Amino acid sequence: MTSLAYEIVDVFTDRPFAGNPLAVVFGGEHLDTDQMQALAREFNLSETAFVLPPTVEGATYRLRIFTPGAELPFAGHPSVGAAVTQYRRGLLPAGVVYQECGAGVLPVQVHEDGRATLTGGPPSLGPVIEPEPYLAAVGLTAEDLVAPGVRIAGCGIEFAYVPVRPTAVARAVAHPSEVAAEPYVFAWDETARVAHARLFAPGLGVPEDPATGSAALGLGVYLVGSGLLPPNGDSAYTVRQGIEIHRPSTLECNVSAVDGAAVRTTVTGTVMPVARGEIAVPPFVG
């Protein structure tokens, strides 16, 4: 085998050349981790996903996800993009499929219209923490912060949620720092239930992510746990991301809550095909 089939798709957008671009690579089950990482560096997108045979009972397929700098246990836009791309290639039926990844086996609802709905892993939510390190990591100050403050939350991978004034989102910029979780800066419109968000991950080789599905899932956990969404029942909310880097993205989310805690979150996005081809297999380094 000297080459691998791949597709480039744009995720969380209804038009090409917007949203979050993703490389989906097929037939890489004989690659080692270093070879996958080399391919992710070559594509140089925020993430590259490798579709592989499942290794656990109940999974439809396995997905390994790499940024240009590291492997991730889980990410939203690769999960949505890889599921729809497999469906379009005739590898999956429409309906519920089960993705094996580092966060476990997660259900993905594949829709025939080019969308997919991803269910996050078990929700987690920490207490309010000292905001200064996270504000400094995105070039903002205490005057930009709003209630209810910075908390770490997630659904398979955790982020630090930094709520700020609407005017502060566009001013955010990544600064070198050492923090416990990547800061997710957002302004919340409580009336419309819309978040304007940005995520910087330079430590993973991603200067700014156009759309972060895993963080959008964790946002629902934060919003319920912080009293910004109802404590019981299902609540829909929308995330707008990527505007500042000319990759506008829309993430449609839902969170189910019981007694003030999120118990399940989903994110839905549209996937647009952009390119397909073959890429050489990197040399094995033993």
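Residues numbered from 1 in each chain as written. Predicted model: local features only at pLDDT ≥ 70, side-chain atom pairs only at ≥ 80, totals over all residues. Heavy atoms only, no water.

1. Re the overall build of the protein
In step 1: A tally of helices and strands in the protein yields 5 helices and 17 strands.
In step 2: Computed over C-alpha atoms, the radius of gyration of the protein comes to 18 Å, within 12% of the 19 Å expected from 2.2 N^0.38 for 286 residues, which places it in the range of a compact globule.
In step 3: Here the protein holds 286 residues, and the buried ones make up 55% of them.
In step 4: The long-range fraction of contacts in the protein, counting pairs at least 24 apart against all pairs at least 6 apart in sequence, stands at 62%.
In step 5: Both charge centroids of the protein, one from 16 positive and one from 29 negative side chains, sit 5 Å from each other. (Helix = DSSP H or I, 4+ residues; strand = E, 2+ residues; numbered from the N terminus. Rg over C-alpha atoms; globule rule 2.2 N^0.38 Å. Buried < 20%, exposed > 50% of the residue type's maximum accessible area, 1.4 Å probe, protein only. Contact = heavy atoms within 4.5 Å. Lys, Arg positive; Asp, Glu negative; His and termini not counted. Charge placed at Lys NZ, Arg CZ, Asp CG, Glu CD.)

2. Quick word on helix α5 (residues 213-225)
In step 1: When the terminal C-alpha atoms of α5 are compared, their 19 Å separation across 13 residues agrees well with the 18 Å that a helix rising 1.5 Å per residue should span.
In step 2: In terms of burial, α5 is a largely internal element, 12 of the 13 residues being buried.
In step 3: Of the residues trailing α5, G227 is marked for its positive phi of about 80 degrees. (Expected span 1.5 Å × (residues − 1).)

3. Description of the side chain of R247
In step 1: Relative to the helices and strands, R247 resides in the loop between β15 (233-241) and β16 (249-258).
In step 2: Accessibility expressed as a relative area gives 19% for R247, which makes it buried.
In step 3: At 2.9 Å, the side chain of R247 forms a polar contact with the backbone oxygen of A18. (Polar contact = N/O pair within 3.5 Å; in protein donor to acceptor, adjacent residues only side chain to side chain.)

4. A closer look at the nonpolar core
The nonpolar side chains of a soluble globular protein tend to be buried with one another.
In step 1: Ranked by size, the top nonpolar core spans 57 residues in total, and within it Y161, Y184, F186, L219, L223, Y237 and V239 carry the most contacts.
In step 2: Of all the elements, α5 adds the most residues to this core, at 8 residues.
In step 3: Once residues within four sequence positions are removed from consideration, L219 is found in contact with Y161, Y184, F186, A195, Y237 and V239.
In step 4: Judged by nonpolar contacts, the second largest core, of 17 residues, contains L135, L145, A160 and V164. (Core = buried A, V, L, I, M, F, W, Y, C linked by side-chain atoms within 4.5 Å.)

5. Side note on the pairing of strand β13 (residues 194-201)
In step 1: Within β13, 6 of the 8 residues are buried, which leaves the element mostly enclosed by the surrounding structure.
In step 2: Inspection of the sheet shows strand β12 (residues 183-189) paired to β13 by 6 bridges, in the antiparallel sense. Opposite Y184, over in β13, you have L199 as the bridge partner.
In step 3: Taking the residues between adjacent antiparallel strands as the criterion, β12 and β13 are bridged by 4 residues, where R193 takes a positive phi near 55 degrees.
In step 4: Relative to β15, β13 is paired through 4 bridges, and the arrangement is parallel. Looking at β15, one finds that V194 is bridged to T238. (Pairing = 2+ DSSP bridges.)

6. Side note on a nonpolar patch on the surface
In step 1: The grouping of V56, V96, Y98 and V105 at the surface amounts to a nonpolar patch, some 300 Å² of accessible area in total.
In step 2: Inspection of the secondary structure puts V96 in strand β6 (residues 95-101). (Patch = residues over 30% accessible without salt bridge, like charges linked within 9 Å, V, L, I, M, F, W, Y side chains within 5 Å. Areas by Shrake-Rupley, 256 points an atom, 1.4 Å probe, with all protein chains shown as cover. Salt bridge = Lys/Arg side-chain N within 4 Å of Asp/Glu carboxyl O.)

7. A short note on the pattern of salt bridges
In step 1: Within this structure, the stated rule accounts for 8 salt bridges.
In step 2: Of the charged contacts, one joins R89 and E7 as a salt bridge, the two residues approaching to 2.8 Å between their closest N and O atoms. Here R89 is found in the loop between α2 (76-88) and β6, whereas its partner E7 is found in strand β1 (residues 3-11), with 82 residues between them in sequence.

8. Quick notes on the side chain of T13
In step 1: Along the chain, the position of T13 falls in the loop between β1 and β2 (20-26).
In step 2: Of the polar contacts made by the side chain of T13, one reaches the backbone oxygen of R15; its length is 3.0 Å.
In step 3: Beyond its immediate sequence surroundings of up to four residues, T13 is in contact with A18, G19, P248, T270, V271 and M272.

9. Considering the packing of aromatic side chains
In step 1: Applying the stated criterion across every chain yields a total of 7 aromatic pairs.
In step 2: Ring centres 5.1 Å apart and planes at 65 degrees place the aromatic pair Y6 and F43 in the edge-to-face group. Pair noted here: Y6 is in strand β1 and F43 is in helix α1 (residues 33-43), with a separation of 37 residues, a long-range link.
In step 3: Residue classification places F43 among the buried positions, given a relative accessible area of 15%.
In step 4: Ring plane angle 35 degrees and centroid distance 6.4 Å describe the contact between Y184 and F186, whose orientation is recorded as tilted.
In step 5: On the basis of relative accessibility, which here comes to 0%, the residue Y184 falls in the buried class.
In step 6: Site record: aromatic cluster; members linked through ring pairs are F159, Y161, Y184, F186 and Y222. (Phe/Tyr/Trp six-rings, centres within 6.5 Å; stacked < 30°, edge-to-face > 60°.)

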